[in-house]
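# Geometric and topological summary
Single-letter residue listing:
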Protein chains: 2
Amino acid sequence: MPLHDAVEVIVAKRDGHPLSDSQIDWMVDAYTRGEVADEQMSALTMAILLNGMDRREIARWTAAMIASGERMDFSGLSRPTADKHSTGGVGDKITLPLAPLVAACGVAVPQLSGRGLGHTGGTLDKLESIPGWRAALSNAEMLAQLDDVGAVICAAGDGLAPADKRLYALRDVTGTVEAIPLIASSIMSKKIAEGTGALVLDVKVGTGAFMKDEASARELAETMVALGTDAGVRTVALLTDMSTPLGLTAGNALEVRESLEVLAGGGPADVVELTLALAREMLAAAGVDGVDPADRLADGSAMDAWRRMIVAQGGDVDAPLPVAREQHVVLAPADGVLARLDAMAVGLAAWRLGAGRARKEDAVQAGAGVEWHARPGDVVAAGQPLLTLHTDEPARFERALASLEGGYDVVPEGSRPALTPLVIDRIA
Amino acid sequence: MPLHDAVEVIVAKRDGHPLSDSQIDWMVDAYTRGEVADEQMSALTMAILLNGMDRREIARWTAAMIASGERMDFSGLSRPTADKHSTGGVGDKITLPLAPLVAACGVAVPQLSGRGLGHTGGTLDKLESIPGWRAALSNAEMLAQLDDVGAVICAAGDGLAPADKRLYALRDVTGTVEAIPLIASSIMSKKIAEGTGALVLDVKVGTGAFMKDEASARELAETMVALGTDAGVRTVALLTDMSTPLGLTAGNALEVRESLEVLAGGGPADVVELTLALAREMLAAAGVDGVDPADRLADGSAMDAWRRMIVAQGGDVDAPLPVAREQHVVLAPADGVLARLDAMAVGLAAWRLGAGRARKEDAVQAGAGVEWHARPGDVVAAGQPLLTLHTDEPARFERALASLEGGYDVVPEGSRPALTPLVIDRIA
């Protein structure tokens, strides 16, 4: 006789009871083995979304997902390790300059990333716009590159938390993505199994983020910090604004270009600010002090680490980046101040232009995306270019423009509204 | 482009919004066609269970399930039609004497029944203990028998509400059986599609019923009466007690035998009382008055209708009924009054003795079940037989006895507690 059965576990959570450790272990293991069916797991995830899980349940669920696969070990490296995870935002290319920057400061960065689905882009999609670059590395290749270059951004292998992989795909089609216990355990099971010593979480809040309100984002951040800390990973979270997109571009090659500007010592102020803030947290969590990452941007050592990181994965760092075949410019409607540029509107436009995918099996366009020529708070003149849309397929402009409708406001000078700070809070 | 997609419909209900008519029609149709997957429907049913549905949504959901299949039509019969549905109880053999009794009063009874799953027995399982009797009839055979005999108890064909068939099987394995909107629409879609002119619902309440408390049972009854009435079926419900099992037996052949006693003018008082109460409601709903069903039990015409009904479906009315190979007697522990006999305890014991099945594909034992020799309120003497357990496999006694532990109380005479009335209320 098995220890439990799926209906018993579903009914317990449905009726508002906490699940026992044994129920959680059995359910995750039986789901991984295929003994619990997708329709049973989806009923349970809906019950979890609506009735919640306490901290013990979330920790146990995370542990069970970790136990479903292999664990990596970086303890043999000569350097400490630190990783970063963002819950996903529009124009969020921070991983690209951040990983080589932190490596240049003496901390190894094992960054397992994903592809984008929906309106937020994926780090691997962005890097794949660099000719020759490949995302798939074996565990041995990853370890060797970490030892040699100090930074690696690659696809997570199938061996890490396979239960999470299956569950994530299920949640995507069953309306159960937005459950804090499941988001937290999904992220943290992969990061803990990956074996990083320190972890900095960038938890986004605002129209362009999963978490639209600060209370939910804070709950997610606190949950993840507790999970990481309990698992022996030094974990800290920044709550950052995602009502406005980051930088001046959203799209794959467009964001690589902007990241290169940052690594060259320039780039949009907000991207630089967040890259440095996260780098400082990663260094502190890894126990490295006395190094100012701003110096490493200024002296070119972060750019050197970038070039070695890209070359190690087959990328041609000197090849020109792809450019979309067609452009469409949106002009400022009036003189005034750009008071608002909505992250979700921009993210949807970039997605519709071909930068993102609707289904996992879709391809993305390397050159597609949105550039904006002003940020909230900037003065604009009627008729100046406000946005440039990029795509290989001009038929896509119409739906992209529709998603931008109502997505920005130009107000008379003097009436500018208060702007949200980029870093809202720090949770440790 | 399809009108809707599954995630949109799931998320709407998940977030507490009522579903539109168009969303409901699309979802049920797409599920029937296999375009919506089981894991999507199970997430939706969990959201419905936890967030509810209003009356309009339930009516539309029911209509969509009816539209997923064929509808039958009895308007060509010379007699009015009336059907009965019980939400399921222990020892609930009422359909067996009731259908021929009402037929003997001049109203045709098209009774589509099911097999048992879990602790409540199934009407078809009971009748299949009669040698030769077959449950499967074509629509033409059913109509001919209704015209000729006036009563038919048979399995529902695959053509009626196929969406409900698939959904019921799904709910059974996903912990979503206990949702009033889904229970009501499941029952009523089949009854409305079946085409009966009048319908009497026996909604059980108590430990042995799906609905443990009166408020839930009342809500279910009111929901179903409204659904039937709105669909043009004259519908009435009785709320009846299921904290005590009905009659003196639970089990397949055991309950046929007890039904024959009732048809012969005898039988346990509660079974006779409920059979007559439901018969009177069915006659009234079918517009037949001036006939007292008690007379039809007394004059043998109900028994005649029974014999013709069984013979028409291949049953040998004169063959002896199967008897289990092994018996075990439980003695009264003390002199006193039987104060309580718990329906769930008796139902589980009968199920564990082999009268019911754990999975759809299991077979049932014709002779297995429980007989009790006293009813709550009866005086018993220490050492007299209180219960007799029947099974073909003596290894089953132990677990059956375990389920009866704490399932009955014998108290000193004089301290007898108040007994629940059988018919609690009438909802029209």
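Definitions and limits used
- Residues numbered from 1 in each chain as written.
- Chains lettered and ligands numbered in written order.
- Predicted model: local features only at pLDDT ≥ 70, side-chain atom pairs only at ≥ 80, totals over all residues.
- Heavy atoms only, no water.
- Buried < 20%, exposed > 50% of the residue type's maximum accessible area, 1.4 Å probe, protein only.
- Helix = DSSP H or I, 4+ residues; strand = E, 2+ residues; numbered from the N terminus.
- Right-handed = clockwise from strand over helix to strand, strands pointing away.
- Pairing = 2+ DSSP bridges.
- Contact = heavy atoms within 4.5 Å.
- Buried area = accessible area lost by both parts, 1.4 Å probe.
- Salt bridge = Lys/Arg side-chain N within 4 Å of Asp/Glu carboxyl O.
- Polar contact = N/O pair within 3.5 Å; in protein donor to acceptor, adjacent residues only side chain to side chain.
- Least-squares fit on C-alpha atoms with pLDDT ≥ 70 in both.
- Axes fitted to C-alpha atoms, helices over the stretch in contact; angles between N-to-C directions.
- Left-handed = near helix turned anticlockwise from the far one by under 90°.
- Nonpolar A, V, L, I, M, F, W, Y, C, P; charged D, E, K, R; others polar.

### As for the pairing of strand E5 (residues 234-241) of chain A
All names here are of chain A. Of all eight residues in E5, seven are buried; the element is thus mostly enclosed. Handedness of the β-α-β unit built from strand E4 (residues 198-205), helix H10 (residues 214-230) and E5 comes out right-handed. Two strands pair when backbone bridges link them, and E5 and strand E13 (residues 423-427) are joined in this way by four bridges, in the antiparallel orientation. By the bridge assignment for E13, alanine 237 is matched with isoleucine 427.

### What to know about the interface of chain B and chain A
In this complex, chain B contributes 21 residues to the contact, which on the side of chain A involves 21 residues. Of the roughly 1,600 Å² buried between chain B and chain A on both sides combined, carbon and sulfur atoms contribute 67%. For chain B, the biggest contributors to the area lost against chain A are Arg14, Glu39 and Met46 of chain B; these three give 35% of the whole. Close ionic contact of glutamate 178 of chain A with arginine 14 of chain B constitutes a salt bridge, the shortest N to O distance being 2.8 Å. Linking chain B with chain A are nine residue pairs in polar contact (both at pLDDT 80 or more).

### Some thoughts on the sheet that holds strand E10 (residues 379-380) of chain A
Two orientations exist for strands paired in a sheet by backbone hydrogen bonds: parallel and antiparallel. Residues and elements named next belong to chain A. Within the open sheet, the three strands sit side by side as E10-E8-E12. Their pairing is antiparallel. Strand pairing shows two members of the sheet lacking a second neighbour, E10 and strand E12 (408-411), which therefore form its edges. Note that strand E8 (residues 336-341) and E12 share four bridges and pair antiparallel. Opposite valine 337, over in E12, you have valine 411 as the bridge partner.

### Here we look at the relation of the copies chain B and chain A
Structural alignment of chain B on chain A gives an RMSD of 0.1 Å, achieved by rotating through 180° and translating 0.2 Å along the axis. Taken together, the rotation angle and the small translation identify this as a two-fold axis. When C-alpha distances to the rotation axis are compared across chain B, the minimum falls at glutamate 39 of chain B, with a value of 1.9 Å. The overlap is high: 100% of the interface residues of chain B also sit at the interface in chain A, so the same surface is used on both sides.

### Comments concerning the packing of helix H5 (residues 95-104) of chain B against helix H11 (residues 252-263) of chain B
All names here are of chain B. Where H5 meets H11, the axes come as close as 8 Å, and the angle between the chain directions of the two elements is 35°. For the pair H5 and H11, the crossing hand works out as right-handed. For the pair formed by H5 and H11, the contact residues are Leu96, Pro97 and Pro100 on the first element and Glu255, Val256, Ser259, Val262 and Leu263 on the second. Broken down by class, the residue content of the contact of H5 with H11 amounts to six nonpolar, one polar and one charged.

### Concerning helix H5 (residues 95-104) of chain A
Residue and element names in this part refer to chain A. Across the 10 residues of H5, nine count as buried, placing the element largely inside the fold. Three or more residues of H5 are buried, namely Thr95, Leu96, Pro97, Leu98, Ala99, Pro100, Leu101, Val102 and Ala103. Glycine 106 sits one or two positions beyond H5 and adopts a positive phi of about 100°.

Take it as geometry only, folks, not as evidence of what the structure does.
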